[in-house]
Each structure stands twice: as structure tokens, then as C-alpha cells.
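Listed here are the chains, written in short residue letters.
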Amino acid sequence: MATINLNVNSKKQTIDVDPNTPVLWVLRDHLNLTGTKYGCGIAQCGACTIHLGGIAVRSCQLPVSSVENQEITTIEGLSENGDHPVQQAWLEHDVPQCGYCQAGQIMTAVALLKNNPTPSDAEIETEMNGNICRCGTYLRIKEAVKTASKSL
């Protein structure tokens, strides 16, 4: 066990944990931030996407020791009331069905729009490609990203 200092959603946290514990499990099991989901466990589906220094990363394979003192943002930290423009666009386009992948989808979309405020359809498809939606709402996701781009 080691003492790890984290900066999660603009809050300083200190935890005592095995340094090899994936960030996903620290968030969910130690900090009770359950919006970030476990999907595949091999960083391929995108359900566990968070922001590390503003960049979308998969948290299920990322050891907590590698993120000490870095800025981590989870879906809970994106906006206090769920009113971030991307979250609002998701509602406007009825993107969620089962909802399981949506936190990861939203976090990826926010990072995309931060780096590319007016992406083309092809750029949206390329950037969102690694996030799997079992319900197949990809067309609505693309439309929601385009709508959100007009509000940021």
C-alpha cells in the first residue's frame, strides 16, 4: 500500500491504495464516483473514459501511481448539474438508451470539442470510434456532438 495524492474534479484527495490499482477502481471503490463505468477491462470499449489534464484516457488500465497530482475529471466533475453543453445535446438528441456507455462517450466528445471546436462528420466518427455503444446510437451521438459544438 502507498499514500497517493490525487486531484479529482478539482478536489485534493489522499488515498492509501496499492499503487498498481487502476484509476477506475480508485474512483469507483475508494472515492465513490461511480459514473465512470467498467466495460471491458482492457481499455478498448471506452466506458471508463475520464480526462487526465483535459485529455480523454481510459482509466481501467491506468495505474493510480501514474496520475498522482495530475488533474483528473470524471463525468461527475464535468458539470455540477448535468448542464454541460455536451450533456444537454445528449438529452436533446435522445442519445442514451441503456446509458451504460454514455459517460465515456460524453467525456470523449468533450475532449474532442476542446481540441477541435467544429469537427467534420469524419473527424467525429474517427475520434468517437473507440467508444462502443451496444445500443447502436452512433448517428445520434454524431448529431449531439455537432449540436454541442455550436454551444461551446
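Rules of the game
Residues numbered from 1 in each chain as written. Predicted model: local features only at pLDDT ≥ 70, side-chain atom pairs only at ≥ 80, totals over all residues. Heavy atoms only, no water. Helix = DSSP H or I, 4+ residues; strand = E, 2+ residues; numbered from the N terminus. Contact = heavy atoms within 4.5 Å. Core = buried A, V, L, I, M, F, W, Y, C linked by side-chain atoms within 4.5 Å. Buried < 20%, exposed > 50% of the residue type's maximum accessible area, 1.4 Å probe, protein only. Axes fitted to C-alpha atoms, helices over the stretch in contact; angles between N-to-C directions. Parallel < 35°, antiparallel > 145°, perpendicular 65-115°, else oblique. Left-handed = near helix turned anticlockwise from the far one by under 90°. Nonpolar A, V, L, I, M, F, W, Y, C, P; charged D, E, K, R; others polar.

Here we look at the side chain of Gln-102
Turning to step 1, where the next piece is worked out: Within the element layout of this structure, Gln-102 appears in helix H4 (residues 102–115).
Turning to step 2, where the next piece is worked out: Ignoring sequence-local partners within four residues, the contact set of Gln-102 consists of Trp-90, Val-95, Pro-96, Cys-133 and Thr-137.

Focus: the nonpolar core
Turning to step 1, where the next piece is worked out: Among the nonpolar cores identified, the biggest contains 21 residues, and Val-86, Trp-90, Ile-106, Ile-141 and Val-145 are the most heavily contacted of them.
Turning to step 2, where the next piece is worked out: Per-element tally for this core: the top contributor is H4, with seven residues.
Turning to step 3, where the next piece is worked out: With residues near it in sequence (within four places) discarded, Val-86 still touches Ile-106, Ala-109, Val-110, Leu-113 and Ala-148.
Turning to step 4, where the next piece is worked out: The next biggest cluster of nonpolar side chains, apart from the first, holds 17 residues, and it includes Leu-6, Ile-15, Val-17 and Leu-33.

A look at the packing of helix H3 (residues 85–92) against helix H6 (residues 138–149)
Turning to step 1, where the next piece is worked out: Axis separation between H3 and H6 bottoms out at 8 Å; the angle between their running directions is 135°. Our classification of the angle between H3 and H6 gives oblique. Crossing hand, H3 versus H6: right-handed. Listed contacts from H6 to Pro-85, Val-86, Ala-89, Trp-90 and Glu-92 of H3 are Ile-141, Ala-144, Val-145, Thr-147 and Ala-148.
Turning to step 2, where the next piece is worked out: Looking at the contact of H3 with H6 residue by residue, the classes come out as eight nonpolar, one polar and one charged.

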